[in-house]
Amino acid sequence: MQQGSASNGAQRLEVTVAGDEGSARLDRVLAVRLHELSRSRLKALILAGSVTLKNAVIRDPAYHVTSGDTITIDVPEAIAAEPEGEDIALDIVYEDDDIIVIDKPRGLVVHPAAGHETGTLVNALIAHCGASLSGIGGVRRPGIVHRLDKDTTGLMVAAKNDRAHASLTAQFADHGRTGAMRRGYMAFVWDLPNRQRGTVDAPIDRHPFAREKMAVRQSGRQAITHWQIQESFAGSDGKPVAALLACHLETGRTHQIRVHLAHIGHPLLGDAVYGPHFKTKAGHLGPRSQAALAALGRQALHAYLLALEHPRTGAVLEWISDLPEDLTLLRDLLRATQ
């Protein structure tokens, strides 16, 4: 493969079809040979007329190439990111040329959306990474492959180039079934489950009436959450009133842990969306615990564990995040029954 760079940042790539690639599809040959570009990006370039063979533009991704063919790919400079970068402080746990791992604070929205057009994690990453971001999908932006709710804290990873984006997307889709990917959460829930560990295997879909919520529905997509009790907390009457669970995901649905734990009768402390009927449970807490829960103002959920295979080296990397200050205070007061 030959590669050149034009003055405006555009690139011209050339690929010569090998003998064992004869009669293969154009898009498949390019995907195998050009790891730095995602398959979706390559398909978009083909459809846009940026791929030529024998001085003829080839717009069909399924075009069958011939051994010895020289394919030319003109990759335009990535356009400026939308939205724009903003100087927002980030707690960076790890960073290299391919990925960045951050410990997300409460209140930080991941993607710009209605009501949150600015001040998001995407804005912050665009500003922080700057020119190091690749033109993922033709736009210079970070590759967000998973999300945390606005008020859920903890570990998140983002890709800084097409190759890393493709690798992380595949790993998150697999969710550790065959690879090293693991995601773990600490969840403070109401009441004490009647066994030490368990699995919730219940499909999740949009709520039929409250469209801002998710719900367990047979029409939904498969969702699997594994949980295990880490600690139990007694109320002012000495009876179990809450527990700390470690949860691990086998799938990644919107609000999955919140929906699943509420489904089995153990909603998260502070979850006004999925646990409003448990508000009276706070009356069983000590006065200081009640005050800490009221001040929390969010669901008591923290993404404490993230493990994955590095997109370039294949090394298995793992990060652990301690409970943030607000959840540490809540845990300490629950322990003391105060």
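Everything here concerns the structure above.
### Re unusual backbone geometry
A positive phi angle, near 65°, is found at N55, a position not held by glycine. Within the secondary structure, N55 is located in the loop between β3 (51-53) and β4 (56-57). Residue classification places N55 among the exposed positions, given a relative accessible area of 83%. Residues other than glycine seldom take positive phi values, yet D191 does so here, at roughly 65°. The residue D191 is located in the loop between β10 (182-190) and β11 (197-201) in this model.

### As for the pattern of salt bridges
Overall, the coordinates contain 15 salt bridges when judged by the stated rule. Of the charged contacts in the structure, one is a salt bridge between R312 and D98, with a shortest N-O distance of 2.7 Å. Separated by 214 residues along the polypeptide, R312 in the loop between β16 (301-309) and β17 (316-320) and D98 in the loop between β6 (92-95) and β7 (99-104) bring together distant segments of the chain. R312 sits in the partly exposed class, given a relative accessible area of 45%. D326 is the partner of R106 in a salt bridge, and the nearest nitrogen-oxygen pair spans 3.3 Å. Here D326 lies in helix α7 (residues 325-336) and R106 lies in the loop between β7 and α3 (121-129), a separation of 220 residues in the sequence. The partly exposed category is assigned to R106, whose relative accessible area is 37%. Connected through salt bridges with shared partners, the residues E231, R331, D332 and R335 form a single ionic network.

### Remarks on the side chain of R258
Take R258: it is sitting in helix α5 (residues 256-263). The exposure class of R258 is buried, given its relative accessible area of 7%. Excluding its chain neighbours within four sequence positions, the residues that come into contact with R258 are D149, L268, D271, V273, Y274, Q299 and L301.

### Focus: the nonpolar core
Membership of the largest hydrophobic core comes to 32 residues, with the highest contact counts inside it found for L121, Y185, L245, C247 and L261. If you list the elements that add at least two residues to this core, you get β7, α3, β9 (153-159), β10, β14 (224-234), β15 (240-249), α5 and β16. Top element by residues in this core is α3. It accounts for 6 residues. Residues in contact with L245, not counting those within four places in the same chain, are Y185, M186, A187, V189, P193, W227, Q228, I229, Q230 and L261. Residues W190, L244, L285 and L305 belong to the second largest nonpolar core, which totals 22 residues.

So, how was this worked out
- Residues numbered from 1 in each chain as written.
- Predicted model: local features only at pLDDT ≥ 70, side-chain atom pairs only at ≥ 80, totals over all residues.
- Heavy atoms only, no water.
- Helix = DSSP H or I, 4+ residues; strand = E, 2+ residues; numbered from the N terminus.
- Buried < 20%, exposed > 50% of the residue type's maximum accessible area, 1.4 Å probe, protein only.
- Salt bridge = Lys/Arg side-chain N within 4 Å of Asp/Glu carboxyl O.
- Contact = heavy atoms within 4.5 Å.
- Core = buried A, V, L, I, M, F, W, Y, C linked by side-chain atoms within 4.5 Å.

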